[in-house]
Amino acid sequence: MQDVANGINALGASPIMSEEQNEAEAMVKMCNSVTINLGAFTEPQLEQIATVCAFANKYQKPIVIDPVAVGAVEYRTERCNELLDQIDVSVIRGNAGEVAALADVAWNSKGIDAGEGTGDLEDIAKKLAKKRDCVVVESGKTDIITDGDAVVRIFNETDLFKLHVGSGDMLSSTIGCFCGVEKDPFEAAQTATVIFDVAGELVAKSMKQPLAGSFGPQLIDELHLVDVKTVEKYAQYE
Ligand SMILES: Nc1ncnc2c1ncn2[C@@H]1O[C@H](COP(=O)(O)OP(=O)(O)O)[C@@H](O)[C@H]1O
Ligand SMILES: Cc1ncsc1CCOP(=O)(O)O
Ligand SMILES: [Mg+2]
């Protein structure tokens, strides 16, 4: 949670974390977008999450969902699908295992990680985008972004992302921030993802020794420093 708040604050956005149902309407009214992270929740929190999402739909604030580990634990898949049945979501951002689980595709997920499977990653992402009528960002070595028809691939990467727990959470919240300033969630998701990936890649390239512990803080520093010119110079996508 700390990395998420610091990462998006460094980018110039303004995070606020909330867990209290009674402030849900006020929170949603004042924000530009809502990111729901299902990393660790209890049943009462699910009620609060559903309330926040209902207000977000009412006040037309975009919602980004990070369905952490839904592929690994059936309970999570069920709760996440129940939530998605109730609300309109702009973007779902997950790794291959999470996206496959929500798209009803068999996959061997592993905890918070992507795990392994044989399905075509782009087809699976498109299936979920069509099923939930939203944009899907399926992260991995190549990040796949789709609205169900068009597909954009972002190639900037570093293995250090995998060693830093919370990289996916930071990416999802970054997408949330861009959805708050760009009406088209497909555009917002692409911009956020390329900035995040370029920032991580630049950190990795600048490190004398690629070490997991120092990657996190340096990623936050790079999110602070990174500018449009730098992203345009290094972005690799099609
Ligand atoms: N195998 C990989 N090699 C390099 N970068 C990766 C790899 N897998 C994921 N990433 C990057 O890590 C970031 C977080 O994505 P991911 O690890 O898939 O999310 P999560 O942490 O939720 O599993 C993304 O920016 C993605 O591009
Ligand atoms: C370790 C852990 N446990 C519940 S959520 C979480 C963090 C997941 O982070 P990410 O999916 O971004 O690696
Ligand atoms: Mg994750």
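Values in this document were obtained by computation on a predicted structure and should not be read as measured data.

Draft legend 1. Up close: the overall build of the protein. On a plain count of helices and strands, the protein comes out with 11 helices and eight strands. Here the C-alpha radius of gyration of the protein, 17 Å, is about what a compact globule of 238 residues would show, namely 18 Å. Projected onto its principal axes, the C-alpha positions of the protein cover 45 × 40 × 30 Å. Relative to its full complement of 238 residues, the protein shows a buried share of 50%. Summarising the internal contacts of the protein: among those between residues at least 6 apart in sequence, 66% fall at separations of at least 24. Of the charged side chains in the protein, 20 are positive and 38 negative, and the gap between their average positions amounts to 3 Å.

Draft legend 2. Seen up close, the site of ligand 2. Taken together, G39, V68, I112, V165, G166, S167, G168 and D169 are the residues near ligand 2. In the model, an oxygen atom of ligand 2 is placed 3.0 Å from a nitrogen or oxygen of the G168 main chain. The fraction of the free accessible surface of ligand 2 (370 Å²) that becomes covered by protein chains is 68%. Taken together, the residues of the shell around ligand 2 sort by class into three nonpolar, four polar and one charged.

Draft legend 3. Fine view of a negative patch on the surface. On the surface, D147, E182, D184 and E187 cluster together into a negatively charged patch. Turning to its location among the elements, D184 is positioned in the loop between helix 8 (167-181) and helix 9 (185-206). A relative accessible area of 33% means that D184 is categorised as partly exposed.

Draft legend 4. Fine view of the sheet that holds strand 8 (residues 151-154). Taken together, six strands build an open sheet; the order of strands is 1-2-3-6-7-8 and the sheet is mixed. If you trace the sheet from one side to the other, it starts and ends with strand 1 (34-37) and strand 8, each paired once. Across the sheet, the axes of successive neighbouring strands diverge by a mean angle of 15°, strand direction being ignored. Taken together, the four bridges between strand 1 and strand 2 (residues 63-66) define a ladder with parallel strand orientation. Bridging from a neighbouring strand, N37 pairs with D66 of strand 2. Each of strand 3 (91-95), strand 6 (135-139), strand 7 (143-146) and strand 8 touches helix 6 (residues 121-132); the most contacted strand, strand 6, lies at about 150° to it.

Draft legend 5. Representation of the side chain of E201 within the structure. One can find E201 in helix 9. Among the polar contacts listed, one links the side chain of E201 to the backbone nitrogen of E157, at a separation of 2.9 Å. Leaving out residues up to four positions away in the same chain, E201 has contacts with F155, N156, E157, T158 and Q236.

Draft legend 6. A look at the site of ligand 1. Not every one of the 17 residues close to ligand 1 is listed here, only the nearest: R93, N95, S139, D143 and D197. Interatomic distance of 2.8 Å between a side-chain N/O atom of N95 and an oxygen atom of ligand 1. Sorting the residues of the shell around ligand 1 by element identifies strand 3, helix 7 (160-163), helix 8 and helix 9 as the ones contributing at least two each. No other element matches the three residues that helix 8 contributes to the shell around ligand 1. Each residue belonging to the shell around ligand 1 can be placed in one class, and the counts come to four nonpolar, six polar and seven charged.

Basis of the calculations
- Residues numbered from 1 in each chain as written.
- Chains lettered and ligands numbered in written order.
- Predicted model: local features only at pLDDT ≥ 70, side-chain atom pairs only at ≥ 80, totals over all residues.
- Heavy atoms only, no water.
- Helix = DSSP H or I, 4+ residues; strand = E, 2+ residues; numbered from the N terminus.
- Rg over C-alpha atoms; globule rule 2.2 N^0.38 Å.
- Buried < 20%, exposed > 50% of the residue type's maximum accessible area, 1.4 Å probe, protein only.
- Contact = heavy atoms within 4.5 Å.
- Lys, Arg positive; Asp, Glu negative; His and termini not counted.
- Charge placed at Lys NZ, Arg CZ, Asp CG, Glu CD.
- Near = heavy atom within 4 Å.
- Polar contact = N/O pair within 3.5 Å; in protein donor to acceptor, adjacent residues only side chain to side chain.
- Areas by Shrake-Rupley, 256 points an atom, 1.4 Å probe, with all protein chains shown as cover.
- Nonpolar A, V, L, I, M, F, W, Y, C, P; charged D, E, K, R; others polar.
- Patch = residues over 30% accessible without salt bridge, like charges linked within 9 Å, V, L, I, M, F, W, Y side chains within 5 Å.
- Salt bridge = Lys/Arg side-chain N within 4 Å of Asp/Glu carboxyl O.
- Pairing = 2+ DSSP bridges.
- Axes fitted to C-alpha atoms, helices over the stretch in contact; angles between N-to-C directions.

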